[in-house]
Amino acid sequence: MHVQLKLHLACPVDVATDALRDPRVMVAVTKPLVVYRSESPSGFPDRWTEEAHPVSASILGVLPLGSTHVDLDWHERDGAWIQRDTGRGTSGQFARMRINHRMAVVPDGPGHTLLRDRLEFHAGALGLVLWPGLWATWQWRALRMKALAPTWRGASTHPKHV
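What counts, and where the lines are drawn
Residues numbered from 1 in each chain as written. Predicted model: local features only at pLDDT ≥ 70, side-chain atom pairs only at ≥ 80, totals over all residues. Heavy atoms only, no water. Pairing = 2+ DSSP bridges. Helix = DSSP H or I, 4+ residues; strand = E, 2+ residues; numbered from the N terminus. Axes fitted to C-alpha atoms, helices over the stretch in contact; angles between N-to-C directions. Contact = heavy atoms within 4.5 Å. Buried < 20%, exposed > 50% of the residue type's maximum accessible area, 1.4 Å probe, protein only. Phe/Tyr/Trp six-rings, centres within 6.5 Å; stacked < 30°, edge-to-face > 60°. pLDDT = per-residue confidence, 0-100.

1. Let's talk about the sheet that holds strand β6 (residues 80–85)
Then, in step 1: In space, the five strands of this open sheet follow the order β1-β8-β7-β6-β5, with antiparallel pairing throughout. Taken across any chain shown, the strands that pair with only one partner, and hence form the sheet edges, are β1 (2–9) and β5 (72–77). Between one strand axis and the next, the sheet turns through 15° on average, direction left out of account.
Then, in step 2: Taken strand by strand, helix α1 (residues 13–20) contacts β6, β7 (98–107) and β8 (113–122), and its axis lies near 160° from that of β7.

This is the structure:
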């Protein structure tokens, strides 16, 4: 099963790619529906790296969803910059799912970005129960990303070159 978005964001593509590497953006676009917390003693990194990072999540900050790892890689294909998360759940609902989460960005005119955000998940029969909540969360993410994109400030170097 899957949920997906296709969004036009009011920020340049380099700013959007930098925002996708910022853990604060992941936290901001899902709050308050889903609240993420770092499980690392040092907290969230300044920027995601290709090293898996342990996180936990809860619905509205109250109902635990479990723990997982944000495990990212990046590549470029056909002019799109793609971020992929294949982290594995370690407890709770996350442990019952396999995911493949991809976000791809391309320029969408001067100062604008087209973002495609797709979460594929496999949870057996539980997937039918989880899908409405994931769909609602993705709709919330869309609203939050569109609202926050004009406030994002990118790094001086495009993330693929860091």
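2. Brief notes about the environment of L128
Then, in step 1: Structurally, L128 can be placed in helix α4 (residues 126–148).
Then, in step 2: Put simply, L128 and H112 are 16 residues apart on the chain and 35 Å apart in space, counted from C-alpha to C-alpha.

3. Structural notes on the pairing of β6
Each regular strand displays side chains that alternate between the two surfaces of the sheet.
Then, in step 1: The buried fraction of β6 is high, at five of six residues.
Then, in step 2: Where β5 folds back on β6, the antiparallel hairpin that results is connected by two residues, among which D78 adopts a positive phi of roughly 50°.
Then, in step 3: Where β6 meets β7, five bridges bridge the pair, whose relative direction is antiparallel. Looking at the pairing, W81 lines up with V105 of β7.

4. What about the packing of aromatic side chains?
Then, in step 1: Within this structure, the stated rule accounts for three aromatic pairs.
Then, in step 2: Ring geometry for F44 versus W48: centroids 5.9 Å apart, planes at 90°, classification edge-to-face.
Then, in step 3: Judged by its relative accessible area of 27%, F44 falls in the partly exposed class.
Then, in step 4: Measuring from ring centre to ring centre gives 6.5 Å for W74 and W81, while their planes differ by 20°; the resulting arrangement is stacked.
Then, in step 5: Note on W81: relative accessible area 4%, which makes it buried.

5. Describing the environment of A10
Then, in step 1: Tracing the sequence through the fold places A10 in the loop between β1 and α1.
Then, in step 2: The exposure class of A10 is partly exposed, given its relative accessible area of 39%.
Then, in step 3: Spatially, the C-alpha atoms of A10 and P110 are 9.5 Å apart, while their sequence positions differ by 100 residues.
Then, in step 4: Leave out the neighbours within four places in its chain, and A10 touches G111, H112, A149 and P150.

6. Some points on the sheet that holds strand β3 (residues 53–59)
Then, in step 1: Across the sheet, which stays open at both edges, the three strands sit in the order β2-β3-β4 with antiparallel pairing between neighbours. Taken across any chain shown, the strands that pair with only one partner, and hence form the sheet edges, are β2 (34–38) and β4 (63–70). The sheet shows a mean angle of 25° between the axes of neighbouring strands, taken without regard to direction.
Then, in step 2: Looking at chain direction, β3 and β4 are connected through seven bridges and run antiparallel. Considered in β4, the bridge of H53 is made with V70.

7. Digging into unusual backbone geometry
Most peptide bonds adopt trans geometry, and most residues besides glycine take a negative phi value.
Then, in step 1: A cis amide bond links K31 to the next residue, P32, at an omega of 0°.
Then, in step 2: Relative to the assigned elements, P32 resides in the loop between α2 (23–30) and β2.
Then, in step 3: Notably, L60 is not glycine yet its phi reads approximately 55°, a positive angle.
Then, in step 4: If you trace the backbone, L60 turns up in the loop between β3 and β4.

8. Observations concerning the confidence of the model for the protein
Then, in step 1: Confidence in the prediction for the protein averages 91 pLDDT; 95% of positions are at 70 or higher.
Then, in step 2: Taken as a whole, residues 156–162 scores under 50 in pLDDT and shows 11 contacts with residues more than four places along the chain or in a different chain.

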